[in-house]
Every structure is written in structure tokens, then in C-alpha cells.
Amino acid sequence: MPFAKIAAPEDIGRIDLLPKAFVDEEQLLRTVIHEGCHVKQFKKYGSSYVQENQMLIKKIAYS
């Protein structure tokens, strides 16, 4: 769901949930899990790797 969340590389560990994340409980849970995965990726691989490999990183987070 576009524009539901943000996990920013400049503030690793912070997840901003935007209004579309709150459509229903399932969407909120999916959003938190997905973004939590990105936080772990940033911590494990670093911001540069994540930014350079966004397609792979997103594919993994969606799985």
C-alpha cells in the first residue's frame, strides 16, 4: 500500500506510520512487520547497501 509507512536510512530504527497504514488491523500489522524487516536490513547491511539494492530488499521484506 503506497504511502503507508517510512523506514528512513538517516534514522535507523524509526518507523513512521502514515494514515493509510491504519485502514484496518491487518494492514497495520503487515505494515509494521514489513517495515520492521527494513529496520533489520538497515542494521545488518548498512544504509548504502539497502539504498543500492532496493528492489531486492523490498522483495525480501514483502516475502
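Look a little higher up for the structure.
Structure report, in brief. (Residues numbered from 1 in each chain as written. Predicted model: local features only at pLDDT ≥ 70, side-chain atom pairs only at ≥ 80, totals over all residues. Heavy atoms only, no water.)

## Quick notes on the pattern of salt bridges
At step 1: Evaluation of the coordinates by the stated rule reveals one salt bridge.
At step 2: For R30, the salt bridge identified is with E26, shortest N-O distance 2.9 Å. Residue R30 and its partner E26 are located together in helix 1 (residues 25-45), separated by four residues, close to a single helical turn. (Salt bridge = Lys/Arg side-chain N within 4 Å of Asp/Glu carboxyl O. Helix = DSSP H or I, 4+ residues; strand = E, 2+ residues; numbered from the N terminus.)

## Quick notes on the environment of G46
At step 1: Counting through the fold element by element, G46 comes out in the loop between helix 1 and helix 2 (47-52).
At step 2: For the pair G46 and I12, spaced 34 residues apart in sequence, the C-alpha separation works out to 9.4 Å.

## Focus on helix 1
At step 1: Taking 1.5 Å of rise per residue, the 21 residues of helix 1 would be expected to cover 30 Å, and the 30 Å separating its terminal C-alpha atoms lies within 8% of that figure.
At step 2: Within helix 1 the residues assigned to the buried category are Q27, T31, H34, E35, H38, V39, Q41 and F42. For helix 1, the arc enclosing every buried residue in end-on projection is 160°, short of the 170-degree limit, so these residues lie on one face. Within helix 1, the exposed residues directed more than 90 degrees away from the buried face are E25, L29, I33, K40, K43 and K44. (Expected span 1.5 Å × (residues − 1). Buried < 20%, exposed > 50% of the residue type's maximum accessible area, 1.4 Å probe, protein only. Arc of directions from axis to C-beta.)

## Overview of the packing of aromatic side chains
At step 1: Counting across every chain of the model gives one aromatic pair.
At step 2: Measuring from centroid to centroid gives 5.2 Å for Y45 and Y49, while their planes differ by 40°, and the two rings are tilted.
At step 3: On the basis of relative accessible area, Y49 is assigned to the partly exposed category, the value being 33%. (Phe/Tyr/Trp six-rings, centres within 6.5 Å; stacked < 30°, edge-to-face > 60°.)

## Considering the environment of D24
At step 1: Note on placement: D24 falls in the loop between strand 2 (15-17) and helix 1.
At step 2: Among the polar contacts made by the side chain of D24, one reaches the main-chain amide nitrogen of Q27 at a distance of 2.7 Å. (Polar contact = N/O pair within 3.5 Å; in protein donor to acceptor, adjacent residues only side chain to side chain.)

## A closer look at the packing of helix 1 against helix 3 (residues 54-62)
At step 1: Interhelical geometry of helix 1 versus helix 3 gives an angle of 135° and a closest axis separation of 9 Å. On the basis of the axis angle, helix 1 is oblique to helix 3. For the pair helix 1 and helix 3, the sense of crossing is right-handed. Taking contact as the criterion, the partners of H34, C37, H38 and Q41 in helix 1 are, on helix 3, I57, K58, I60, A61 and Y62.
At step 2: Among the residues making up the contact of helix 1 with helix 3, the classes are represented as five nonpolar, three polar and one charged. (Axes fitted to C-alpha atoms, helices over the stretch in contact; angles between N-to-C directions. Parallel < 35°, antiparallel > 145°, perpendicular 65-115°, else oblique. Left-handed = near helix turned anticlockwise from the far one by under 90°. Contact = heavy atoms within 4.5 Å. Nonpolar A, V, L, I, M, F, W, Y, C, P; charged D, E, K, R; others polar.)

Spatial relationships are all this shows, so hold off on functional conclusions.
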